[in-house]
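Descriptive analysis of the structure
Listed below, chain by chain, are the residues.
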Amino acid sequence: MVNMQIQEENERIIAIGHINEAIDQGNPEKTLETLLLPTAKLQDVRPVNARHYQDVLHHAKAQKCKDSQDESAVLWLDEIQKGISDANRNIKEAEILALGTSMINKSLEKGDSQPVLMILQSKFGLRVIPECAETYFKALSEAKKLKTKDSNESPWIKLVMKDMCDYYYNVETEEGTCVAPEGVVPKTSWLTGQEIQSIVGQVTADYNREQLWLANENLIVQLQARARGFLVRKNYEERKAYLQTQEPSAVKIQAFWKGYKQRKSYVDRLKVLQGNVAAIIKIQSWVKMWLTKRAYRKRLQYFKDHNEEIVKIQAFLRANKAREDYRTLIGAENPPLTVLRKFAYLLDQSDLDFQEELEVTRLREEVVTKIRSNQQLEKDLNLMDIKIGLLVKNRITLQDVVLHSKKLNKKSKSQLEEMVMVDKQGIKGLSKERRKKLEAYQHLFYLLQTNPTYLAKLIFQMPQNKSTKFMDTVIFTLYNYASNQREEYLLLKLFKTALKEEINSKVDQIQDIVTGNPTVIKMVVSFNRGARGQNTLRQLLAPVVKDIMDDKSLIINTSPVDVYKAWVNQLEMQTGEASKLPYDVTTEQALTHTEVVNKLESSIQSLRAVTDKVLTSIFSSLNLMPYGMRYIAKVLKSSLHEKFPDATEDELLKIVGNLLYYRYMNPAIVAPDGFDIIDMTAGGQIHPDQRRNLGSVAKVLQHAASNKLFEGESEHLSSMNTYLSQTYQKFRNFFQSACDVPEPEEKFNIDEYSDMVTLSKPIIYISIEEIINTHSLLLEHQDAIATEPNDLLNELLEGLGPVPDVESFLGEGAVDPNDPNRESTLNQLAKTEISLSLTSKYELREGEDQDLQSLMIKTKRLIVDVIRTQPGDMLLEILETPATAQQESEHLKIVEKRAILDSKTPEKMKHSQSIFEDGQLPIEQKKRKIQRNLRTLEQAGLVSSATKYQEIINEIAKDIRNQRRYRHHRKAELVKLQQTLNALNSKTAFYEEQINYYNTYIKTCLDNLTRKNSRRSIKLDGKDEVKGSKKMKHASLKYTAARLHEKGVILEIEDLQTNQFKNVMFDITPGEEVGDFEIKAKFLGVEMEKVQLHFQDLLQMQYEGVAVMKMFDKAKVNVNLLIFLLNKKFYGK
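Keep in mind it's a predicted model, so treat the numbers as computed, not measured.

1. Section: the overall build of the protein chain
Tallying secondary structure elements over the protein chain gives 44 helices and 12 strands in all. Taken across its 1133 residues, the protein chain has 40% of its residues classed as buried. Residue pairs at least 24 apart in sequence account for 71% of intrachain contacts in the protein chain once pairs closer than 6 positions are excluded. Of the roughly 64900 Å² of accessible surface on the protein chain, 51% is carried by carbon and sulfur atoms.

Given below as structure tokens:
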């Protein structure tokens, strides 16, 4: 079986080989013969198709050789079978296509369109559209008509199968063959199958396309529009680009053409006009007149309709121009003369200026007088406090109190009137000789006021007790309590000079400022606490202090012992039984109780909260702090740094903090009632709890400002140390900011020449006694304060001569020699206040040209007069150009107006005679004088003709700016003085309320005394004494230290044994004022030391619980027994 299969396979292979050989030979018959071999077992081999078999197989073998790139490749059985099948299928399809082609062409020849659609579907296999049947027939007919008919054509048609083999079909016999018949010419008048398919496909595609267009007509329209738009834009851009490239040529052509047309038109028009000149002129005149009238009426009506807007615009433009000119005046380095001329009128003094100056002078006089009156009232009230306190202790008689009360009432009612009236009868009531004396004193006090060196040295030449009184009276009086900017500026210069003098001469270590009591620091603090009645501390601290005092639930107690005692008392009150706890304990024992610790912690928390409020008020009110305090702090810091260059910033800031907080603010927090921080009624007092709360806050702030932690006895408050350190950093920044202030020259816009241009002379109000005392002190210390022989002060003092007494000062006959109260009258007259108009003895006199600054001032006044009436761009141009008659007339009006104004000016505000005479000169004489003055000033180097005297123009501009600032400052000073006067009146009212309170108390005492002892009578006029009473003798007491030691008054004396006490003698002498004592210590008869003692201070120490005090820095004295001794010896009956 296997052999048979193998044999069959071999035979088949042989047959395949024969087939391939026949194919290669190209003989169809041979190929057909091999294909029909039984061993090949090929199927469906048709002899009629032999030719086509040859073509298909030959093509397949050639393709295989090409693909495999092997010329010896042969076709295998399956490939041969596939070729036979493909050939049969091709012939079948060709037969169908030929039949269809024959049927279509016959239908076309017959003109029958009905079978065409069916033939196309069945024979051609085309997808045709029934709606296009007629279109198919029409297209095919038209195509057939185009075919040409050959006369020799046969009934055969030729088709191409698969684009490589021909097939012939006889349309008559319906016979087909692959072999071309001999001598046959195929039909050329019929349509071929390919043509039919192409035409039908084209018709179908056209139809489909048409339907697609119809379905998408809108999109097509849009597409067409876009395409057209694109084409149009493209054409436009191309045209535009072309025109741009040809623009020069086009412009030339256009210009040429326009020029030609214009010239032609112009020539034609010119001919017409030349022929009608007269008529044209007349028409033009009428038209112009009509147009002008119409435009004018229209413009006029427009202005009338918009009158308000026009006024506003004009005002805006003028204001803008004025502002621009003023900015040029104040901002330009060299302002032009034209701008200066516009603002020269500002240098004139108007009636309002004089009225304001007079009002400022009046208010300043009232303020200074009121301050002195209030100071005297305060002293008398303090003395009244002492007398009533002694009366309560029954140490003086009621008669003494009644006499002082009468004196006090008299002062309170008439003191101000007396001070005002005295001035009116002072200078004017003196003789001519005395007036010359007063003028000399005016020169002296002007020198002292403007040159702080003299007073700064004088302060430190006197003992401290005298210097304090001298500062409180003469110095503050000399500067009018800094009631205006000039005097505040000068007072600050004095403070600065004196402070530097004190630091350089008396401060050896930087801590001396803190541990000691520097004179200047004390003076600065005292002055800024309200010497002018303007208590800045009240604005700074009043709100927060009032909040602390009004908080009734606030109880701050940081003393463990006091908290412990209060807790024990509370327990006993709650239980009604005596506590078993001890009452007297130490701090450590008190802190062992939880309740005490809890209450203490609660107080600390409250203390922090309240302290934060005070800190916020202080830190946010830096601008409220007086400029003087801040400036002196700056001077203190810089002076200390200069003397102690190794000192750190922290050390310097602690000193600044000692001034700004400890000395200035701290006392006002501890005792707000004593510094007018709060309003108190007469007899009113601060509750102890309120005072303790304020004291606790002040203690914490004091530690924080000095960066001092709670240690030692205050160890129980150590929990606040972190808080203190944080607060110190805030204080440090605050102190640094406080020192950041400008210099007084910049702050007040004042320099050494300011007095030369001010309207009024500086005036002070000073008593005759103060003048005499100042004169006496200057002579006493003349060698120390004016060391140079040619010093101005020496010259002035030499001119004044010796110190006059009151009587010689007022003149003979001022006091009746036979007056029994002559001494009392003289003492009263010594307190007479007079006003001194301070002037410098060394001002420029007429004919003197040494003072170039004064010459500059005169020249500036003359220039202002000239440029106001004669305009010009340059000063030289104005000076060299003669004035017109109109300008002379305007200048004369100004001179006459000034003369009238000068006649109304108060005498003390008038300028010097030479300045007045210069102002009355004619304008041409003024010009000549200006030219002479300018040459003098140029020789001195103050001006230069090379700059066209721009220097003096700049000086005039500076005067105009300063005049504006001065007027502004004067208005501010008026408001400030009025506020000050109101504050002083309020203070006076408070003092009068206290006086009424004391009067009521004394009346009650008198009534009680009258009821208890009708045998004794008191007359309030002070002439009669209480019956049975003896006049108090103020003899001094003498005790040895041993005797006082026996009485327990003296406890010990350092460096002295008890057995030597007998060699020490104490003299106790009462002073002129009640409650003042002078105690002298003598050793073996030699006076060693003396001290001033105030009884009120002893009572205060007793009130504060101070049992022992030091005297002479050596002796320890029992305060209570000393009070007992003084009461017994001096105030006993």
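2. Regarding the sheet that holds strand 2 (residues 165-170)
In spatial order, the strands read 1-2-3; together these 3 strands make up an open sheet with antiparallel pairing. The open sheet has two edge strands, strand 1 (156-161) and strand 3 (175-177), and neither has a second partner. Across the sheet, the mean angle separating the axes of adjacent strands is 25° when strand polarity is ignored. Bridging between strand 1 and strand 2 involves 6 bridges; their strand directions are antiparallel. Each bridged residue has a counterpart across the sheet, and for K158 the counterpart in strand 2 is Y168.

3. Points about the packing of aromatic side chains
Each aromatic ring pair is specified by the distance between its two centres and by the angle formed by the two planes. Inspection of the entire model under this criterion finds 10 aromatic pairs. Here Y627 and Y631 contribute two aromatic rings whose centre-to-centre distance is 5.9 Å and whose plane-to-plane angle is 15°, an arrangement assigned as stacked. With a gap of 4 residues between them, Y627 and Y631 both fall in helix 25 (residues 627-643), about one helical turn apart. By relative accessible area, which is 0% here, Y631 ends up buried. Among the aromatic side chains, those forming a connected cluster through ring pairs are F619, Y661, F731, F734 and F735.

4. Some points on the environment of A344
Structurally, the position occupied by A344 is in the loop between helix 12 (337-342) and helix 13 (351-392). Measuring from C-alpha to C-alpha, the distance between A344 and I863 comes to 9.9 Å, with 519 residues separating the pair along the chain. Ignoring sequence-local partners within four residues, the contact set of A344 consists of V864, R868 and I960.

5. Examining unusual backbone geometry
Here the phi dihedral of N707 falls at roughly 55°; this positive angle occurs in a residue that is not glycine. If you trace the backbone, N707 turns up in the loop between helix 27 (688-705) and helix 28 (721-738). Overall, the relative accessible area of 30% leaves N707 in the partly exposed class. Backbone geometry at K948 places phi at a positive 60°, although glycine is not the residue there. Looking at the secondary structure, you find K948 in the loop between helix 40 (923-939) and helix 41 (950-1012). Judged by its relative accessible area of 43%, K948 is partly exposed.

6. Considerations on empty space enclosed by the protein
Using the criterion set out here, one finds 5 cavities of 30 Å³ or more in the structure. As a volume, the largest cavity reaches approximately 90 Å³. Lining the largest cavity, in full, are L1044, V1049, I1050, F1066, I1068, I1079, M1111, V1117, L1122 and L1125. Counting only elements with at least two residues in the lining of the largest cavity, the list comes to strand 8 (1064-1070) and helix 44 (1119-1130).

7. Quick look at the nonpolar core
Of all hydrophobic cores here, the largest spans 123 residues; its most connected members are F445 and L793. Looking at which element gives the most residues to this core, the answer is helix 26 (residues 649-670), with 11 residues. Not counting residues up to four positions away in its chain, the partners in contact with L793 are L444, L447, L448, Y454, L778, I785 and A786. In terms of nonpolar packing, the next biggest core, distinct from the first, is built from 34 residues, A94, Y169, I196 and V200 among them.

8. Some points on the sheet that holds strand 7 (residues 1050-1053)
Spatially, 7-12-11 is the arrangement adopted by the 3 strands of the open sheet, whose pairing is antiparallel. Both outer strands of the open sheet, strand 7 and strand 11 (1108-1111), are each paired with one neighbouring strand and no more. The average undirected angle you get between the axes of adjacent strands in this sheet is 25°. As judged from the 3 bridges shared by strand 7 and strand 12 (residues 1115-1118), these two strands associate in the antiparallel manner. Residue pairing in the sheet places E1052 in a bridge with K1116 of strand 12. Its contacts with the sheet place helix 44 against strand 11 and strand 12, and it is angled at close to 70° to strand 12.

9. What to know about the pattern of salt bridges
In total, this model carries 17 salt bridges according to the counting rule given. Of the charged contacts in the structure, one is a salt bridge between K264 and D268, with a shortest N-O distance of 3.6 Å. Residue K264 and its partner D268 are both found in helix 9 (residues 247-275); the two are separated by 4 residues, about one turn of the helix. Under the relative-accessibility criterion, K264 is labelled partly exposed at 46%.

10. Looking at helix 2 (residues 28-35)
All of the buried residues along helix 2 are P28, T31, L32, T34 and L35. An end-on view of helix 2 places all buried positions within 165° of arc, on one side of the element. Turned more than 90 degrees away from the buried face of helix 2, the exposed residues are E29 and E33. Lining the buried residues of helix 2 we find helix 1 (2-25), helix 3 (50-68) and helix 4 (77-110).

11. Structural notes on the packing of helix 2 against helix 3
The geometry of helix 2 relative to helix 3 is characterised by a closest axis approach of 8 Å and an angle of 90° between their N-to-C directions. When the interaxial angle is binned, helix 2 and helix 3 end up roughly perpendicular. Contacts between helix 2 and helix 3 pair P28, T31, L32 and L35 from the former with A50, R51, Y53, Q54 and L57 from the latter.

12. Quick word on a nonpolar patch on the surface
On the surface, I283, V287, W290 and L291 cluster together to form a nonpolar patch covering roughly 380 Å² of accessible area. Tracing the chain through its elements places W290 in helix 10 (residues 277-305).

13. Some remarks on helix 27
In this model helix 27 runs 25 Å from its N-terminal to its C-terminal C-alpha over 18 residues, within 8% of the 26 Å that 1.5 Å per residue would give. Among the residues of helix 27, those classed as buried are Q690, N693, L694, S696, V697, A698, V700, L701, H703, A704 and A705. Turning to helix 27, the residues buried within the fold contact helix 21 (536-550), helix 24 (594-619), helix 26 and helix 28. Just downstream of helix 27, N707 is the residue with a positive phi angle, here 55°.

14. Looking at the environment of N749
Mapping N749 onto the fold places it in the loop between helix 29 (744-748) and helix 30 (754-757). Distance from N749 to Q485, taken between C-alpha atoms, is 9.2 Å for residues 264 residues apart in sequence.

15. Considerations on the packing of helix 16 (residues 452-461) against helix 18 (residues 485-506)
Look at helix 16 against helix 18: their axes get within 9 Å of each other, and the N-to-C directions meet at 45°. Relative to helix 18, the element helix 16 is oriented oblique. In this structure, the crossing between helix 16 and helix 18 has a hand that is right-handed. Contact residues: P452, T453, L455, A456 and F460 in helix 16; K493, L494, T497, A498, E501, E502 and K506 in helix 18.

16. Digging into the side chain of N693
Along the chain, the position of N693 falls in helix 27. Discounting residues that sit within four places of it in the chain, N693 has contacts with I548, L554, I555 and I556.

17. Describing the environment of L541
Relative to the helices and strands, L541 is located in helix 21. Between the C-alpha atoms of L541 and I678, which are 137 residues apart in sequence, the distance is 9.3 Å. Once residues lying within four places of it in the same chain are set aside, the contact partners of L541 are I618, M665, A668, I669 and I677.

The rules behind these values
- Residues numbered from 1 in each chain as written.
- Predicted model: local features only at pLDDT ≥ 70, side-chain atom pairs only at ≥ 80, totals over all residues.
- Heavy atoms only, no water.
- Helix = DSSP H or I, 4+ residues; strand = E, 2+ residues; numbered from the N terminus.
- Buried < 20%, exposed > 50% of the residue type's maximum accessible area, 1.4 Å probe, protein only.
- Contact = heavy atoms within 4.5 Å.
- Areas by Shrake-Rupley, 256 points an atom, 1.4 Å probe, with all protein chains shown as cover.
- Pairing = 2+ DSSP bridges.
- Axes fitted to C-alpha atoms, helices over the stretch in contact; angles between N-to-C directions.
- Phe/Tyr/Trp six-rings, centres within 6.5 Å; stacked < 30°, edge-to-face > 60°.
- 1 Å grid on protein atoms, 1.4 Å probe; cavity = no way out; pocket = protein on both sides within 12 Å on 5 of 7 lines; lining within 4 Å.
- Points joined across faces, edges and corners; volume = space filled by probe spheres on them.
- Core = buried A, V, L, I, M, F, W, Y, C linked by side-chain atoms within 4.5 Å.
- Salt bridge = Lys/Arg side-chain N within 4 Å of Asp/Glu carboxyl O.
- Arc of directions from axis to C-beta.
- Parallel < 35°, antiparallel > 145°, perpendicular 65-115°, else oblique.
- Patch = residues over 30% accessible without salt bridge, like charges linked within 9 Å, V, L, I, M, F, W, Y side chains within 5 Å.
- Expected span 1.5 Å × (residues − 1).
- Left-handed = near helix turned anticlockwise from the far one by under 90°.

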